Amino acid sequence: MSGHGTPIPMQSRAGGPLSGTAEIPGDKSVSHRSLILGALSVGQTNITGLLEGEDILDTAKAMSAFGADVQRIGDGEWTVSGVGVGGFAEPEDVIDCGNAGTGVRLIMGAMSTSPITATFTGDASLRSRPMGRITDPLALFGAQSVGRDKGMLPLTMVGARDPMPVRYTSPHPSAQIKSAVLLAGLNTPGKTVLIEKEKTRDHTERMLRGFGAEIETVETDEGFEITLTGQPELKAQDIAVPRDPSSAAFPVCAALIVEGSEIVLPNIGLNPTRAGLFTTLVEMGADITFENEREEGGEPVADLRVKASKLKGVEVPEERAPSMIDEYPILSAVAAFATGKTVMRGVKELRVKECDRIDAMARGLEAQGVQIEEGEDFLIVHGQSGEVKGGGTAKTFIDHRIAMSFLCMGLATKEPVSVDDGAAIATSFPIFQDLMKGLGADIS
Ligand code: S3P
């Protein structure tokens, strides 16, 4: 759980170049899915490289509450003995998903087609996020739910006793909606079809296939149509979680803006549905090389070598947004150091993340002396050709990525950059500060 404790103010300031090797923790999206699919399979799933951030620990606890046997064996090494599709037990207490939108939404999907009832809550950030986008499609399967205000947490879901298969076109480019529907489809007889107009991260599809489900994606005039055959027997797997490209984004961007830096990041996940930031940075002139490109556990990975670079502003193509949706905060921070403006359009989903990320970045950047333009679904950052004043305090709104973005920015501004609360960093990247310090960053 996060956001319940006292705020942790943090500050970063410019120092020498960053150098060395950054061992990035496991991918958050893949970690959630490993635990959930492990819990829904038969036999013992062995996971290595699991992210041990608060979001994932909350999902691990939730899977135990639904009846799976979840054990931590060592650093990042976990086992899950599953209950099989349709085998979830009714939790005895409220499920607290802390800060984790992905955790709560995927778990709701997974339990919504079993005849059990569960109540979900989370921290102040999660309790203010929309859940109708999940409960609406789950209602089509026959699940009922009642939540606070406009369907927000705390929310109770009564799973469908006789679920009906669903054909659903997702109204938003969201892997969480897609995954909730597919997980609901697992315990539903017949074929569940999910259509997404834009391709979002496909870890759920890849992993379901790996666990033995029959699932296929075809491109049609409507978009990407994914068909899952219900009630498979999922077989336990060995999963090596790739390292999180969304966490790697922070040291990568810091190294680009701190003069003289050169760092290496081994084993970074480069699933094309996740790698949009790296494409954008290269277009901006970033010196990033992808070494030893290979496949591990069904996901493409490579070692990244990053050198400080002079960046130029770019217009990010709207259709790239789903593949870098979590990276707009750090992109807007580095864009401040570029020459010319960086235009980010088609990003209204940023308004419903851990906080309203367009607003949080806009206000925080202004506090560092950066000129921005903002609208309902766009953000434009006017780059200052490497000369960024800093000296301001950014409000982070219980959002890990806002906190880390400003702390990276402060490594290259003229005056230190402060954030009001860095506590949420522990949700996704608990070793952020130590790792950055190890590269030579001054963060306190
Ligand atoms: C995630 C999907 C994205 C992303 C989130 C992780 C996932 O959310 O922002 O951090 O693991 O499925 P949306 O589905 O809301 O786009």
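Quick caveat: nothing in here was measured; it's all calculated off a predicted structure.

So, on to the pattern of salt bridges. Side chains bearing opposite charge may pair, as long as their charged atoms lie close to each other. For the coordinates displayed, the defined rule picks out 34 salt bridges. Its salt-bridge partner being Arg201, residue Asp326 comes within 3.2 Å of it at the nearest N-O pair. Within this pair, whereas Asp326 is found in the loop between β18 (315–316) and α9 (328–335), its partner Arg201 is found in the loop between β11 (191–196) and α6 (203–210), the two being separated by 125 residues in sequence. Among the salt bridges present, the one from Asp326 reaches Arg357, with a minimum N-O distance of 3.6 Å.

Moving on, we come to the packing of aromatic side chains. Applying the stated criterion to the full structure yields four aromatic pairs. With a centroid separation of 6.4 Å and an interplanar angle of 80°, the aromatic rings of Phe250 and Phe432 are classed as edge-to-face. Here Phe250 is found in helix α7 (residues 245–257), whereas its partner Phe432 is found in helix α12 (residues 432–438), with 182 residues between them in sequence. An identical accessibility class is assigned to Phe250 and Phe432; each is buried. Ring plane angle 70° and centroid distance 5.5 Å describe the contact between Phe429 and Phe432, whose orientation is recorded as edge-to-face.

Another aspect to go through is empty space enclosed by the protein. Empty space among the atoms becomes apparent when a probe as large as a water molecule is rolled across them. Scanning the model with the defined rule gives one cavity of 30 Å³ or more in all. When its volume is computed, the largest cavity comes out at roughly 40 Å³. Broken down by class, the residue content of the lining of the largest cavity amounts to four nonpolar, three polar and four charged.

Take the nonpolar core next. By size, the foremost hydrophobic cluster in this structure holds 77 residues, and its most contacted members are Leu265, Leu281, Tyr328, Leu331, Phe432 and Met436. Counting residues per element, this core draws most heavily on α7, at nine residues. Apart from the residues lying within four places of it in its own chain, the contact partners of Leu331 are Leu277, Thr280, Leu281, Met284, Val316, Met324 and Met344. In this structure, Ala39, Leu138, Ala143 and Val241 belong to the second largest nonpolar core, which totals 59 residues.

Remark: α7 packs on helix α8 (residues 276–283), axes separated minimally by 10 Å, with the N-to-C direction vectors making an angle of 20°. Considered as vectors, α7 and α8 are oriented roughly parallel to each other. When the axes of α7 and α8 are compared, the crossing they make is left-handed. Contact residues: α7 offers Pro245, Ala249, Val252, Cys253 and Leu256, while α8 offers Leu277, Phe278 and Leu281.

Below, the discussion takes up the sheet that holds strand β8 (residues 144–148). Pairing within the open sheet is mixed, and its four strands lie in the order β6-β7-β9-β8. The two strands at the open ends of the sheet, each matched to only one other strand, are β6 (95–96) and β8. Across two bridges, β6 lies against strand β7 (residues 117–121) in parallel orientation. Pairing of Asp96 across the sheet is with Thr121, part of β7. Packed on one face of the sheet, helix α3 (residues 101–111) meets β7 and β9 (152–158) and runs near 175° to β7.

Sheet architecture is open: four strands sit in the order β2-β15-β17-β16, paired in mixed fashion. Strands with a single pairing partner mark the edges of an open sheet, and in this sheet they are β2 (19–21) and β16 (287–296). Between one strand axis and the next, the sheet turns by 15° as a mean value, whatever way the strands run. Strand direction decides the pairing type here: strand β15 (residues 262–269) and strand β17 (residues 299–307), joined by six bridges, are antiparallel. Bridging from a neighbouring strand, Val264 pairs with Arg305 of β17. Sitting on the sheet, α7 is in contact with β15, β16 and β17, with an inclination near 165° to β15.

The next point concerns the pairing of β7. A regular strand places its side chains on the two faces of the sheet in alternate fashion. Taking the sense of rotation as the criterion, the β-α-β connection linking β6, α3 and β7 turns out right-handed. As defined by bridge partners, β7 adjoins β9 across four bridges and the pair is classed as antiparallel. Its bridge partner lying in β9, Thr117 is registered against Val158.

All residues in the neighbourhood of the ligand are listed as Ser29, Arg33, Thr102, Pro173, Ser174, Ala175, Gln176, Arg201, Ile325, Asp326 and Lys353. One nitrogen or oxygen atom from the side chain of Ser174 is found 2.6 Å from an oxygen atom belonging to the ligand. Note that an oxygen atom of the ligand is positioned 2.8 Å from one of the backbone N or O atoms of Gln176. For the ligand, whose unbound accessible area comes to 390 Å², protein coverage reaches 95%. With respect to the detected pockets, the ligand is housed in the largest pocket. For the shell around the ligand, the class distribution of residues is three nonpolar, four polar and four charged.

Turning our eyes to something else, we now look at the side chain of Glu354. When you line up the elements, Glu354 lands in the loop between β19 (341–345) and α10 (357–367). Here Arg357 takes part through its side chain, which lies 3.0 Å from a polar atom of the side chain of Glu354. In this structure the side chain of Glu354 is engaged in a polar contact, spanning 2.9 Å, whose partner is the side chain of His400. With sequence-adjacent residues up to four places away left out, Glu354 is seen in contact with Lys28, Asn99, Ser125, Arg129, Phe397, Ile398, Asp399 and His400.

A word on helix α5 (residues 175–186). Note: α-helices contain 3.6 residues per turn, so residues at a spacing of three or four share the same orientation. Here α5 contains twelve residues, and its C-alpha end-to-end distance of 16 Å stays within 8% of the 16 Å for a straight helix at 1.5 Å per residue. Of all twelve residues in α5, twelve are buried; the element is thus mostly enclosed. Restricting attention to buried positions, one finds in α5 the residues Ala175, Gln176, Ile177, Lys178, Ser179, Ala180, Val181, Leu182, Leu183, Ala184, Gly185 and Leu186. Looking at where α5 begins, the residue whose side-chain oxygen comes 3.2 Å from the main-chain nitrogen of Gln176 is Ser174.

About the cut-offs
- Residues numbered from 1 in each chain as written.
- Predicted model: local features only at pLDDT ≥ 70, side-chain atom pairs only at ≥ 80, totals over all residues.
- Heavy atoms only, no water.
- Salt bridge = Lys/Arg side-chain N within 4 Å of Asp/Glu carboxyl O.
- Helix = DSSP H or I, 4+ residues; strand = E, 2+ residues; numbered from the N terminus.
- Phe/Tyr/Trp six-rings, centres within 6.5 Å; stacked < 30°, edge-to-face > 60°.
- Buried < 20%, exposed > 50% of the residue type's maximum accessible area, 1.4 Å probe, protein only.
- 1 Å grid on protein atoms, 1.4 Å probe; cavity = no way out; pocket = protein on both sides within 12 Å on 5 of 7 lines; lining within 4 Å.
- Points joined across faces, edges and corners; volume = space filled by probe spheres on them.
- Nonpolar A, V, L, I, M, F, W, Y, C, P; charged D, E, K, R; others polar.
- Core = buried A, V, L, I, M, F, W, Y, C linked by side-chain atoms within 4.5 Å.
- Contact = heavy atoms within 4.5 Å.
- Axes fitted to C-alpha atoms, helices over the stretch in contact; angles between N-to-C directions.
- Parallel < 35°, antiparallel > 145°, perpendicular 65-115°, else oblique.
- Left-handed = near helix turned anticlockwise from the far one by under 90°.
- Pairing = 2+ DSSP bridges.
- Right-handed = clockwise from strand over helix to strand, strands pointing away.
- Near = heavy atom within 4 Å.
- Polar contact = N/O pair within 3.5 Å; in protein donor to acceptor, adjacent residues only side chain to side chain.
- Areas by Shrake-Rupley, 256 points an atom, 1.4 Å probe, with all protein chains shown as cover.
- Sits in = over half its atoms within 2 Å of the grid points.
- Expected span 1.5 Å × (residues − 1).

As far as function goes, none of this settles anything; it's purely spatial.
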